[in-house]
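# A closer look at the structure
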Amino acid sequence: MARTSLLLALLIVYSHVLVTTSSFQSALVMNMAEILLDNYCFPENLVGMQEAIEQAISSGEILHISDRKTLAAVLTAGVQGALNDPRLVVSYEPNYTPATPATLPYQSPEQLKSIIKSSIKVEVLQNNIGYLRMDHIIGKEIAEETGSLFLERVWNKVFQTSSLVLDLRYATTGDLSGIPYIVSFFSDAGMLTHIDTVYDRPSNTTTELWTMPSFLGERYGKRRDLIILTSKRTIGVAEGVAYLLKHLKRALVVGERSAGGSVRIEKLRIGEFDFYITVPVTRSLSPLTGQSWEVSGVSPCVDVSAKDALDEAKSLLVVRASFPKAVQGVSDIIRNFYSFTDKIPTLIQHLASTDFFSITSEEGLAAKLNYELQSIAEDPRLNIKVMLEPPVVIEEAQEPNHIPDDPSFLEALIDTVFKVNILSGNTGYVRFDEFIEAPILVKFGEQIFKNVWDPIRDTKNLIIDLRFNSGGPLTAVPVLLSYLHDSTPPVHFFTVYNRMDNITTEFHTLTALPGTTYGSQRGVYVLTSYHTATAGEEFAYLTQSLRRATVIGEITSGTLLHSKSFQVEDTNIVITVPIMNFIDNNGECWLGGGVVPDAIVLAEDAMEQAHRIIAFHEEVCNLVELAGDLLKVHYAIPEVAINVTRVLKSKWAEGSYRAVVDYESLASQLTADLQETSGDHRLNIFYCDTEPEVLQNLPKIPSPDEVQDIINTFFKLEILPENIGYLRVDMMPGTEVLKIIASQLVDLVWIKLVNTDTLVIDIRFNTGGSSSAIPFLCTYFFEPEPLRHLYSVFNRSTGTMTEVMTLPEVPGPRYSSQKDIYVLTSHMTGSAAEAFARAMKELGRATIVGEPTVGGTLSSGTYQIGDSILYASIPNNVVLSAVTGKVWSISGVEPHVAAQAKDALYVAQKIIESAHAN
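Below: a short report on this structure. Remember, predicted model here, so these are calculated numbers, not experimental data.

Calculation rules
Residues numbered from 1 in each chain as written. Predicted model: local features only at pLDDT ≥ 70, side-chain atom pairs only at ≥ 80, totals over all residues. Heavy atoms only, no water. Phe/Tyr/Trp six-rings, centres within 6.5 Å; stacked < 30°, edge-to-face > 60°. Helix = DSSP H or I, 4+ residues; strand = E, 2+ residues; numbered from the N terminus. Lys NZ or Arg CZ within 6 Å of the ring centre and 35° of its normal. Salt bridge = Lys/Arg side-chain N within 4 Å of Asp/Glu carboxyl O. Buried < 20%, exposed > 50% of the residue type's maximum accessible area, 1.4 Å probe, protein only. Expected span 1.5 Å × (residues − 1). Bend = angle between axes of the 7 residues up to and from the residue. Pairing = 2+ DSSP bridges. Axes fitted to C-alpha atoms, helices over the stretch in contact; angles between N-to-C directions. Contact = heavy atoms within 4.5 Å. 1 Å grid on protein atoms, 1.4 Å probe; cavity = no way out; pocket = protein on both sides within 12 Å on 5 of 7 lines; lining within 4 Å. Points joined across faces, edges and corners; volume = space filled by probe spheres on them. Nonpolar A, V, L, I, M, F, W, Y, C, P; charged D, E, K, R; others polar. Lys, Arg positive; Asp, Glu negative; His and termini not counted. Polar contact = N/O pair within 3.5 Å; in protein donor to acceptor, adjacent residues only side chain to side chain. Core = buried A, V, L, I, M, F, W, Y, C linked by side-chain atoms within 4.5 Å. Parallel < 35°, antiparallel > 145°, perpendicular 65-115°, else oblique. Left-handed = near helix turned anticlockwise from the far one by under 90°.

Counting across every chain of the model gives 31 aromatic pairs. Between the aromatic rings of Trp-750 and Phe-781, the centroid separation amounts to 5.8 Å while the plane-to-plane angle is 80 degrees, which identifies the pairing as edge-to-face. With Trp-750 in helix 23 (residues 735–753) and Phe-781 in the loop between helix 24 (773–779) and strand 31 (789–795), this pair connects stretches of sequence that are 31 residues apart. Taken together, the ring pairs in this structure connect Trp-155, Tyr-181, Phe-185, Phe-186, Phe-215 and Tyr-220 into an aromatic cluster. If you follow Arg-224 out to its NZ or CZ, it ends over the ring of Phe-159, 4.9 Å from the centre. Stacked on the ring of Tyr-518, the Lys or Arg Arg-522 has its end atom at 3.9 Å from the ring centre.

In total, this model carries 34 salt bridges according to the counting rule given. A salt bridge links Arg-381 to Asp-379; the shortest N-O distance between them is 3.0 Å. Note on Arg-381: relative accessible area 7%, which makes it buried. We classify Asp-379 as buried; its relative accessible area is 0%.

Here helix 19 (residues 606–634) is 29 residues long and its end C-alpha atoms lie 40 Å apart, about the 42 Å a rise of 1.5 Å per residue gives. The largest bend in helix 19 amounts to roughly 25 degrees and is located at Glu-619.

Next up on the list: the sheet that holds strand 36 (residues 870–875). The strands making up a sheet associate through backbone hydrogen bonding, with each pair oriented either parallel or antiparallel. Strand order in this open sheet of three strands is 27-36-35, and the pairing throughout is antiparallel. The open sheet has two edge strands, strand 27 (684–687) and strand 35 (860–864), and neither has a second partner. Sheet twist, expressed as the average angle between the axes of neighbouring strands with direction ignored, equals 25 degrees. As defined by bridge partners, strand 35 adjoins strand 36 across five bridges and the pair is classed as antiparallel.

End to end, helix 21 (residues 663–678) covers 22 Å across 16 residues, agreeing with the expected 22 Å (1.5 Å per residue, within 8%). Buried residues in helix 21 make contact with helix 19, helix 20 (638–654), strand 27 and strand 36.

This brings us to the sheet that holds strand 38 (residues 897–898). Ordered by their spatial adjacency, six strands build an open sheet running 28-29-30-33-34-38, and the pairing between neighbours is mixed. Each edge of the sheet is formed by a strand with only one pairing partner; in this case those strands are strand 28 (715–720) and strand 38. The strands touched by helix 25 (residues 832–842) are strand 30 (758–762), strand 33 (820–825) and strand 34 (847–850); relative to strand 33, the strand with the most contacts, the crossing angle is about 145 degrees.

One pass over the structure, following the stated rule, counts three cavities of 30 Å³ or more. In this model, the largest cavity occupies a volume close to 190 Å³. Lining the largest cavity are 16 residues, and of these Leu-727, Leu-745, Trp-750, Leu-777 and Tyr-780 sit closest to its centre. Put simply, the parts of the chain that give the lining of the largest cavity at least two residues each are strand 29 (724–729), helix 23 and helix 24. Here the lining of the largest cavity is composed, by residue class, of 16 nonpolar, no polar and no charged.

Further remarks concern the environment of Leu-670. Mapped onto the elements of the fold, Leu-670 is located in helix 21. Given a relative accessible area of 0%, Leu-670 falls into the buried group. Considering only alpha carbons, one finds Leu-670 and Leu-683, 13 residues apart in sequence, at a separation of 9.6 Å. Beyond its immediate sequence surroundings of up to four residues, Leu-670 is in contact with Val-624, Leu-648, Tyr-657 and Ile-685.

Further remarks concern the side chain of Arg-658. Position of Arg-658 among the secondary structure elements: in the loop between helix 20 and helix 21. Here Arg-658 occupies a buried position and makes no salt bridge, while the nearest side chain of opposite charge, Asp-486, is found at 8.9 Å. Here Gln-521 takes part through its backbone oxygen, which lies 3.3 Å from a polar atom of the side chain of Arg-658. Within the local environment of Arg-658, its side chain forms a polar contact with the backbone oxygen of Arg-547, the two atoms lying 2.8 Å apart. Look past the residues within four positions of Arg-658 in its chain and what remains in contact with it is Ser-520, Gln-521, Arg-522, Arg-547, Arg-548, Ala-549, Thr-550 and His-617.

This next bit is on the nonpolar core. Counting residues in hydrophobic clusters, the biggest one holds 48 residues, and the most contacted among them are Phe-781, Tyr-791, Ile-821, Val-823 and Phe-836. Listed by contribution, the elements that provide at least two residues to this core are helix 22 (704–714), strand 29, helix 23, strand 30, helix 24, strand 31, strand 33 and helix 25. Broken down by element, this core gets its largest block of residues, nine residues, from helix 23. Every residue in contact with Phe-836, bar those within four places of it in the chain, is listed here: Met-732, Ile-761, Ile-763, Ile-774, Leu-777, Cys-778, Phe-781 and Val-823.

Take the packing of helix 2 (residues 25–39) against helix 4 (residues 68–83) next. Following both chains from N to C, one finds helix 2 and helix 4 inclined at 40 degrees, their axes separated by 12 Å at the closest point. Of the possible angle classes, the one that applies to helix 2 and helix 4 is oblique. Note on packing geometry: the crossing formed by helix 2 with helix 4 is right-handed. Counted together, Gln-25, Leu-28, Val-29, Met-32 and Leu-36 of helix 2 and Leu-71, Leu-75 and Val-79 of helix 4 form the full contact between these two elements. Residues belonging to the contact of helix 2 with helix 4 are distributed by class as follows: seven nonpolar, one polar and no charged.

Right under this line is the structure:
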């Protein structure tokens, strides 16, 4: 079809040209088009040539070019531009003699031996690396014809090597059948693989290339390393070999991007003129990539100059030869030391099945191993990298063999380690820059209590400064934590599993401490910096997870003591393996990565921020109590309010609000606690620097000039096919507004819809508004008598019950109660809008189509919490069903017909269409 339409167009243009000129150019273009149609390997692209050729001839540009070579250049630019193919070249060559295709005289064994010897070179290099240079890709037919000769001189020598370099830098010719032949040698016997598809335009045939089911001699197989060398000269069939072996993940390509040739190109004479056009007549399309090496060439995996490619390949093979042993070494280390024993089998199996084909360096291997391990273990403590220097192993300090009893030594040690002070506001301050061994803390507990804890015993709050603390032994942590808790009941601090000795140890509050502890009720504030490390950050982490302290400062260093680094034998690869699991009191294993403070500030600002938070925390307890009091007075369900208040007090006592550092975080924490305890997502605490609009004067009633804008903004109508009325309502207006806009609303909107056969009311984008609009709107869909009970409302704040009924009169006509109504909803539909949908559904007046609604409330009161900038939004109405008398749930309105919001109108129309058809 493309050929016929193009020729027809060209003939019309050609006839026109013959009338106006006797030049040969138009005939030349026509003959060139004929050649392309019969020979170009992308015939589907020729449709786009029609306009280009018409324009070229009709413009007259080529008709005035008398110089033949210039004309050839213009035609070349035109055809290349139209087809985006640089291989298409038009030339003027009056003395050109087409070459007769050569046929190789594969007659005698001596002649075949000479051909193989001249085009193929085989060597065995150092480290048993095979070297196979092919300057001409021998086809399957020739290889099989030579039989044992080719096997003996080439494949048998190659087969004995540990790895192989296939040098195609000088390969410029070859037989197409050599592609599957060579690829098969480097494949395993078994399942056949479709590796290429070749389309030949002159014969209009397609040939699929597959790996060979049988092979004379031993195959090299897939397990040994193969590197292919390429250069800018590598072209044609050799590119096909390199491209396929690369994308089969069988060989790495080293060298330069190849020439980007073609499977077969022919130089064809254009008509009877001395013009020729070079045309790619055959094309390759790899099923592996959906693309080809033609034109673009084969891009190397390692880009180096052609002259350096062999040296690079030999170095690369030596490096890659170490990979299996390195991977095994990593697996062995994980098997012997990793603390998450349940993950070890999966990790080992994953490494064994990982493909390292594309890795070309030790750094790349380390990065690949690290990525694969992280993807399975999800443990940032387990990491692999290349280190040129042996790893520095940080060992946890061992308990001293002998602790001096000299009191002066002890005093000096305690004074050196601990800095104690009383700050303004009766705030205690303790700074220590390292964790001393637990035996010292226990043995000399009385002196430590006297010098450290006794001075701060009566302070209101305590600041513990760890900004310069680089850590120390973990065993000191439970001793210090015990001073921050009550002596009874015992508290579980953390658990440690040690893989090296396969022992699990639990740490609790210590009972035999000298003196009295600081207790669990007073505020503790821990200051951190990026210097805070090992036991220092573990202490900070535990005070956070135990809800015993507020952490202020910078994220800690993330340096844990519970890992061990191992250098993989004969490499620069170092694997760091967690040998201990640190499990907090919630049963969570801490994977390190640093402690994130509750209040993130620069280390130098941490002290000032601590004083601000201490002052703020003096308000928090009162604000939590006041929030509970507001619930008891205003929340719609009293028994729920009482339970929530009790839970808030309990959470305060447990320390849940120690992580609160400002009004924003307090509002967030209160909201989460209220909603979790009550199950009511409508409960909300927010902060506002200025008085919220809901507490300010009500907005003014619109003027007559504003009525039109209100109606246009919130009400949209349309008459759909089949006389279906469509009304979209995006807000429920209040009573006062309705009084003013009612008459115009009827004239501009309602009167156009009342005579439709069916009505669709779209409240998918209606998030609420005033509930006073509900009886007004509902009245239009019921008969005047009797009045219909829509729902009842109990107001908790006033203690009154109100029955909401349809109205005896409304402006304009009513919609016939015999006509069907469909209401469209979405997950955004809320408040008064969903009350309208629920009432229409329960009274059987409408079919609801769309998504469940948000589950809001008709009315929420907004109340200031004390004199603060915090406000509580509290649902103060209980809505009771007119049908069942039960309280409406807060789960939203379930549609009769579920559909995505975007499809709801379409679904409703289909339902209406089906109903009309019946």
